[in-house]
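What the coordinates show
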Amino acid sequence: MLNIQLARKYSRAIFELAQEEDKLVEYGKELDAAREGLESVPQAIEFLSNPQVEPKVKKDLLKKCFEKELSRNVYHFLLLLVDKHRFALLPAITEEYRALSNEARGILVADVTTASAATKKQQKAIAEKLEKVTGKKVELRLHENEALIGGVVVQIGDRRIDGSVAGRLATLKKQLLANE
């Protein structure tokens, strides 16, 4: 619980800075790139989160990796996480930042699960339908689950729309059992 609160605090700080500079998308991309780069080396986040490693050594590593790759503010934000011994929160901070940025830009994230990979045409159709229903721009996060048999399940926040064959079969089963 404390880590979630801390991640929100730090993500709010970098979000407000990005908003002031009108760079919500850019900072988001940079934070994602830094996170992905560090997660591609399994020991990197552990190293940067280890309290036994001197902060100077951690900062030297960040300097070599990101000083020329990131904007000044995002780079200094990573250094601040080292100073405050909060680097382990970077994945949670980037997720919180994305949520704040999407909300500020009027974007909803929809988790879309299909039985097999959705084509680009299907993705576009789903996004357009959801945008029409919600009145907001929708960003899709795609998932696959063969157990659905066919159709689609959409989750936006706490709202779930089940248009899958498996969901319809389960509903039909409940109705048949209720009528016995």
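First things first, this report covers the structure right here in the doc. Worth saying up front: this structure is predicted, and the values here are computed from it rather than measured. Numbers given to residues run from 1 along each chain, matching the order in which its sequence is written. Where local features are concerned, this predicted model is filtered to residues with pLDDT of at least 70; where side-chain atom pairs are given and counted, the filter is 80 or more; whole-chain, interface and lining totals use all residues. Think of the side-chain values as coming from all heavy atoms in the structure, minus any hydrogens and water.

1. Thoughts on the pairing of strand 3 (residues 151-156)
Put simply, the rule is: Only strands joined by at least two bridges in the DSSP assignment are considered to pair. A run of DSSP states H or I qualifies as a helix once it reaches four residues; a run of E qualifies as a strand once it reaches two. Both are numbered from the N-terminal end.
Of the strand pairs in this sheet, strand 1 (residues 107-114) and strand 3 are connected by five bridges, and their pairing is antiparallel. By the bridge assignment, Ala110 is partnered in strand 3 with Ile156. Pairing of strand 3 with strand 4 (residues 159-164), which is carried by six bridges, proceeds in the antiparallel orientation. Looking at the pairing, Gly151 lines up with Ser164 of strand 4. The turn joining strand 3 and strand 4, which pair antiparallel and follow one another in sequence, is formed by two residues; a positive phi near 60° is taken by Gly157.

2. A look at the nonpolar core
It is characteristic of soluble globular proteins that their nonpolar side chains tend to be buried jointly. Rules: Only buried Ala, Val, Leu, Ile, Met, Phe, Trp, Tyr and Cys residues count toward a nonpolar core, and they belong to the same one when joined by side-chain atoms within 4.5 Å. Accessibility here uses a 1.4 Å probe with only protein chains present; expressed as a share of the type maximum, an area under 20% marks a residue as buried, one over 50% as exposed, and anything in between as partly exposed.
By size, the foremost hydrophobic cluster in this structure holds 30 residues, and its most contacted members are Leu38, Leu62, Phe66, Leu78, Leu81, Phe87 and Tyr97. Counting residues per element, the ones that place at least two in this core are helix 1 (2-20), helix 2 (24-39), helix 3 (42-49), helix 4 (55-66), helix 5 (72-83) and helix 6 (90-104). When residues of this core are assigned to their parent elements, the largest contribution, seven residues, is made by helix 5. Counting residues in hydrophobic clusters, the runner-up holds seven residues, among them Val112, Ile126, Val154 and Ile156.

3. Points about the layout of surface pockets
Test applied: Any residue with an atom within 4 Å of a point lines the site, the site being either a cavity, points on a 1 Å grid over the protein atoms alone where a 1.4 Å probe fits but cannot get out, or a pocket, an open set with protein on both sides within 12 Å along at least 5 of 7 lines. Grid points are joined across faces, edges and corners, and a volume is the space filled by probe spheres set on the points. The classification used treats Ala, Val, Leu, Ile, Met, Phe, Trp, Tyr, Cys and Pro as nonpolar, Asp, Glu, Lys and Arg as charged, and all other residues, Gly among them, as polar.
The calculated volume of the largest pocket comes to roughly 240 Å³. Surrounding the largest pocket, 14 residues form its lining, Ala99, Asn102, Leu108, Val109 and Arg141 being those nearest its centre. Secondary structure elements with two or more residues in the lining of the largest pocket: helix 6 and strand 1. Here the element with the most residues in the lining of the largest pocket is helix 6; it accounts for five residues. Tallied by class, the residues present in the lining of the largest pocket amount to four nonpolar, four polar and six charged.

4. With respect to the packing of helix 2 against helix 5
Short version of the rule: In this analysis an axis means a line fitted to C-alpha atoms, helices contributing only their contacting stretch, and an angle means the value between N-to-C directions, from 0 to 180 degrees. Roughly parallel covers angles under 35 degrees, roughly antiparallel covers those over 145, roughly perpendicular covers 65 to 115, and oblique covers all other angles. Crossing handedness follows the turn of the near helix against the far one: under a right angle anticlockwise gives a left-handed crossing, and clockwise gives a right-handed one. Residue contacts are defined here by distance: any two heavy atoms, one from each residue, within 4.5 Å place the two residues in contact.
At a minimum axis separation of 10 Å, helix 2 and helix 5 run at an interaxial angle of 45°. One finds that helix 2 runs oblique with respect to helix 5. Like other packed secondary-structure pairs, helix 2 and helix 5 cross with a definite hand, here right-handed. On the side of helix 2, the interface is formed by Tyr27, Glu30, Leu31 and Ala34, while helix 5 contributes Asn73, Val74, Phe77 and Leu78.

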